[in-house]
Amino acid sequence: MAEYYSEAQNTVQRDELFAGTDIPVRLENVSVSGGAEFSRGCILAASVAGGVFAPVNSSVDATKVLVIASEDVQADSLGAVTSVYTSGNFHTEKLSTGSSVVSAADFKEPLRKVDIIETSLHEIF
């Protein structure tokens, strides 16, 4: 679960994005905004117009649909379609946002409402 295939390097790599398998991991394809650039693990939010997704920032409210990018994306000016995780258990430290003002931890509760659970990489049980 914590591994993914890297086409660029033709290898399987560990990235520690997943924190466990207790929550089923679901994938879905979504449209992303034109010119968007983000990496695997970025938290994305749906815009009001047409459900196009973009990285979260400080102006995103908790009522937006939130998902996690499953791959790196560099969309052209027209946008792109990419796969996203709509549920699962992820390490907070491996998630990112589209802003230096907010962190993944700021979205812990809104993500929990849509079956995306954040767990600390260093949490002791």
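In the block above lies the structure referred to throughout.
1. Considering the overall build of the protein chain
Move 1: The helix and strand tally for the protein chain stands at one helix and eleven strands.
Move 2: Along the protein chain, helices and strands appear, N-terminal first, in the series β-β-β-β-β-β-β-β-β-β-α-β.
Move 3: The burial tally for the protein chain puts 40% of its 125 residues in the buried class.
Move 4: Sequence separation of at least 24 residues holds for 63% of the intrachain contacts in the protein chain that already meet a minimum separation of 6.
Move 5: Approximately 7,200 Å² of the protein chain is accessible, and the part contributed by carbon and sulfur atoms is 49%.

2. Here we look at the pairing of strand β6 (residues 43-46)
Move 1: Residues Ile 43 and Ala 45 line one face of β6 and the alternating positions Leu 44 and Ala 46 line the opposite face, and both faces are buried.
Move 2: Bridge count for β6 against strand β7 (residues 53-55) is three bridges, and the pairing is antiparallel. Of the residues in β7, the one forming a bridge with Leu 44 is Pro 55.

3. Some points on the environment of Ser 39
Move 1: Its place among the elements puts Ser 39 in the loop between β5 (37-38) and β6.
Move 2: Residue Ser 39 is classed as partly exposed on the basis of its relative accessible area, which comes to 35%.
Move 3: When residues no more than four places from it in sequence are discounted, the contact partners of Ser 39 are Ala 69, Glu 71, Asp 72 and Ser 96.

4. What to know about the packing of aromatic side chains
Move 1: Inspection of every chain in the model, using the stated rule, returns three aromatic pairs.
Move 2: Plain terms: the ring middles of Tyr 85 and Phe 90 are 5.5 Å apart, the flat faces sit at 45 degrees to each other, and that makes the pair tilted. In this structure, Tyr 85 and Phe 90 share a single accessibility class: buried.

5. A word on the nonpolar core
Move 1: Within the largest apolar cluster, 15 residues are counted, with the highest numbers of intra-cluster contacts made by Ile 43, Leu 66, Ile 68, Phe 90, Leu 95, Phe 107 and Leu 111.
Move 2: Every element with two or more residues in this core is listed here: β6, β8 (66-69) and β10 (80-91).
Move 3: Val 32, Ala 46, Val 67 and Ala 69 belong to the second largest nonpolar core, which has 13 residues in total.

6. A look at unusual backbone geometry
Move 1: Backbone geometry places Glu 16, a non-glycine residue, at a positive phi of 55 degrees.
Move 2: Secondary-structure assignment places Glu 16 in the loop between β2 (11-14) and β3 (18-20).
Move 3: On the basis of relative accessibility, which here comes to 37%, the residue Glu 16 falls in the partly exposed class.

Reading the values: rules and limits
- Residues numbered from 1 in each chain as written.
- Predicted model: local features only at pLDDT ≥ 70, side-chain atom pairs only at ≥ 80, totals over all residues.
- Heavy atoms only, no water.
- Helix = DSSP H or I, 4+ residues; strand = E, 2+ residues; numbered from the N terminus.
- Buried < 20%, exposed > 50% of the residue type's maximum accessible area, 1.4 Å probe, protein only.
- Contact = heavy atoms within 4.5 Å.
- Areas by Shrake-Rupley, 256 points an atom, 1.4 Å probe, with all protein chains shown as cover.
- Pairing = 2+ DSSP bridges.
- Phe/Tyr/Trp six-rings, centres within 6.5 Å; stacked < 30°, edge-to-face > 60°.
- Core = buried A, V, L, I, M, F, W, Y, C linked by side-chain atoms within 4.5 Å.

Everything listed here is a matter of coordinates, which is why it stays silent on function.
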